[in-house]
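Spelled out from the first residue to the last, the chains are:
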Amino acid sequence: MTYTELSEQEKIRRESLQKLIDLGINPYPAAKYEISAGSTEIINNFDESKNNYQDISFAGRIMTRRIMGKASFVELQDTYGKIQVYINRDVVCPDEDKELYNTVFKKLLDIGDIIGVKGEVFKTQMGEISIRANEFTILSKSIRPLPVVKEKDGNTYDAFSDPEQRYRMRYLDLMVNPHVKNAFINRTKLTNSMREYLNAKGYLEVETPILQPIYGGAAARPFKTHHNTLDQTLYLRIANELYLKKLIVGGFDGVYEFAKDFRNEGMDRFHNPEFTQMELYVAYKDYFWMMETVEEMVEKIAMDIHGTTKVKVGQHTIDFHRPWKRFTMFEAIEHYTGIDISNMEEEELKVTAKKLGIDVDESMGKGKLIDEIFGEKCEGQLIQPTFITDYPVEMSPLAKKHRKIDGLVERFEAICNGKEICNAYSELNDPIDQRQRFEEQLLLAKRGDEEAMMLDEDFLKAIDYGMPPTSGLGIGIDRLAMIMTNSDSIQDVLFFPQMRPEKKIQVDSKEKYLEKGIPTEWIELIQKLGYKTLKSLSEANPGKLFNDLCGLNKKAKLGLQNPTADDVKKWCE
RNA sequence: CGGUUCGUAGCUCAGUCGGUAGAGCACGUGACUCUUAAUCAUGGGGUCGAGGGUUCGAUCCCCUCCGAACCGACCA
């Protein structure tokens, strides 16, 4: 066991645990516990006139206790919610022996313990639907105190609110903050709804490699790892696009994957190093078709989660009702800046960007400039779902050239609440053009662009064989979940967001030093010298420690009897 | 990576213009047969994130480090 000092409450709980065992009660029984009803089911369906739920079995975690003499109330929380349980001494202990109530229930049980109860449902004098327990069973003893959150009239008191602790100990967050659970349930409803939609269309859900020898399909820096047997560098995927397109080449007409992708980049409230994207590829379609698909799919998701297309997000109400607004990128820029840049060349764009207050540097080409202007002046203003179409070719090496306009590609993004939620193309299936685009990326890479795409010969070979015209989509599940759950941080839609590891400084107790035979007066000095654990002491140089201790004694005029060198040597063993 | 703010009891927070700390809940003990932020009485619990500096003395002032939140940079 490596725990250092236990708090008073933890010690008391461990003592309670031992007392239970001494009384012959197993605090962690192996047998299953039959449950006949859930909390919300009981509360919604109990009817005094029907006299239903008169023989039920229920289990949950003790969240609060109100004990008054021979009668007590506890609130038990199950997966659905909370329900009050009434425990009466003479009901639980009908015989002379009242130990089960007086000792086991009142003394040895705590908030946080999980118990099962059997009994009947009734209404208290105050009118609250409750379970009258005829018997209770300890199912799991908790030896760490829970944050106690209290509530009255919709006000929450002492909420467990420190974000660091909430994310590091999400289980606690889920236990004591009910709305948290709800956000995650809605996240799963979202993916279920999306999967249903895609399956109903007959598309095939597939899985493709996460460990990739060449990372591609997006512009991002990867995580790097190594395979021992192959003695080869592998990357965690930044996207699965190229693999899915190979499956389209292979003859599947529609494939999709809910993919965990990994990008070795900054973290903030919109970015986690690992995140989920749903990518979809459908043969014989183009980006116009895909826009309609996205509208229809997201509208359905909103309906499935909220029962309406209108979703409250922060200050705004976002309406996913079809059809969504559509802007070409040039139109959007003109709309928000009043400037028509559609016929501008690089120099003129640069001047315009500067005029709009955008930082410009020499490495920026035409595409980058347009993208910057859009990102700075338009994106944040687009609250209602809006499709932005027709991007500069430089930014989109995997998208097909626009059927009408030179220098653009057939690409769209959906922007919602000021953020991109998806990205889609008419996929580039011209193998000669694709090779050229990759080669242009290589040039960018040579100029130092760390995010330029790598040339993937394997992928090029595949489309040499011929890929049908295809439309592809990547939709950010975390971003969409944020919108659908009204969360302003990605950490609120990820169970376990990435956190820096906590470094805890370990200090061994005085008792442990005493056990080693080290006299009390020296322990503090040894710890002061930096040997805070017996382990660090065992790694110390005994001679140096001896000198340091005697020196400290002399310098600080402590007047202690110096230990012998042999004594110190023994302490360090 | 830069700026701002924060880290004090199991939880939520106060506080000390520098003299080793308080509250509520939780916990212990006692009272109480329908309570619901139960109540009443009483008691215990803290290396004030870590390390160093200034000082007779630091939780407080200064520096470094660790962790977090927000804003920015980067990143679609």
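Refer to the preceding data block for the structure.
Residues numbered from 1 in each chain as written. Chains lettered and ligands numbered in written order. Predicted model: local features only at pLDDT ≥ 70, side-chain atom pairs only at ≥ 80, totals over all residues. Heavy atoms only, no water.

**Q** Could you give an account of the protein's contact with RNA strand B, with specific residues and numbers?
**A** In the region of RNA strand B, 57 residues are neighbours, and Lys150, Glu164, Ala219, Glu265 and Glu451 sit closest. When atoms of RNA strand B within 4 Å of the protein are split into backbone and base, the sugar-phosphate part holds 62%. Within the contact set of RNA strand B, a sugar or linking oxygen lies 2.5 Å away from a side-chain nitrogen or oxygen of glutamate 420. Among the secondary structure elements, those contributing two or more residues to the surface near RNA strand B are helix H1 (8–22), strand E1 (56–68), strand E2 (71–77), strand E3 (82–88), strand E6 (150–152), helix H5 (163–168), strand E18 (408–416) and strand E19 (419–426). When residues of the surface near RNA strand B are assigned to their parent elements, the largest contribution, four residues, is made by H5. The residue makeup of the surface near RNA strand B, split by class, is 23 nonpolar, twelve polar and 22 charged. (Near = heavy atom within 4 Å. Polar contact = N/O pair within 3.5 Å; in protein donor to acceptor, adjacent residues only side chain to side chain. Helix = DSSP H or I, 4+ residues; strand = E, 2+ residues; numbered from the N terminus. Nonpolar A, V, L, I, M, F, W, Y, C, P; charged D, E, K, R; others polar.)

**Q** Pulling in residues and values, what's your account of the pattern of salt bridges?
**A** Any two side chains of opposite charge can pair, so long as their charged atoms come close to each other. The tally for this structure, following the rule as stated, stands at 35 salt bridges. Here lysine 300 makes a salt bridge to aspartate 304, at a shortest N to O gap of 2.6 Å. Separated by four residues within a single helix, lysine 300 and aspartate 304 lie in helix H9 (residues 287–306), roughly one turn from each other. Exposure remark for lysine 300: the relative accessible area of 21% places this residue in the partly exposed category. By relative accessible area, which is 38% here, aspartate 304 ends up partly exposed. The structure contains a network of salt bridges with shared partners spanning Arg166, Arg170, Asp173 and Asp492. (Salt bridge = Lys/Arg side-chain N within 4 Å of Asp/Glu carboxyl O. Buried < 20%, exposed > 50% of the residue type's maximum accessible area, 1.4 Å probe, protein only.)

**Q** Describe the sheet that holds strand E16 (residues 325–328), with residues and values.
**A** Ordered in space as E8-E12-E13-E20-E19-E18-E17-E16, the eight strands form an open sheet in which the pairing is mixed. Strands at the two margins of the open sheet, each flanked by one partner only, are strand E8 (204–205) and E16. The pairing of E18 with E19 spans six bridges and is classified as antiparallel. Across the sheet, the residue bridging to alanine 414 is cysteine 422, located in E19. Packing against the sheet, helix H15 (residues 477–484) makes contact with strand E12 (254–262), strand E13 (274–283), E18, E19 and strand E20 (470–476), and its axis sits at approximately 55° to E20. (Pairing = 2+ DSSP bridges. Contact = heavy atoms within 4.5 Å. Axes fitted to C-alpha atoms, helices over the stretch in contact; angles between N-to-C directions.)

**Q** Talk me through H9; I want residue IDs and the actual numbers.
**A** Taking 1.5 Å per residue as the helical rise, H9 with its 20 residues ought to reach 28 Å, and the 28 Å between its terminal C-alpha atoms agrees with that figure. Along H9, the residues that are buried comprise Tyr287, Met290, Met291, Thr293, Val294, Glu295, Met297, Val298, Glu299, Ile301, Ala302 and Ile305. (Expected span 1.5 Å × (residues − 1).)

**Q** Give a description of the nonpolar core that names residues and reports values.
**A** Side chains of a nonpolar character, in soluble globular proteins, are inclined to be buried together. Counting residues in hydrophobic clusters, the biggest one holds 44 residues, and the most contacted among them are Met194, Met278, Phe320 and Met484. Top contributing element to this core by residue count: H9, with nine residues. (Core = buried A, V, L, I, M, F, W, Y, C linked by side-chain atoms within 4.5 Å.)

**Q** Please set out the environment of phenylalanine 46 residue by residue, giving values where relevant.
**A** Tracing the backbone through its elements, the reader meets phenylalanine 46 in the loop between helix H2 (39–45) and E1. Sequence spacing of phenylalanine 46 and valine 313 is 267 residues, and the spatial spacing of their C-alpha atoms is 35 Å. When sequence neighbours within four positions are dropped, the list of residues in contact with phenylalanine 46 reads Glu41, Asn52, Tyr53, Gln54, Val121, Phe122, Lys123 and Ile129.

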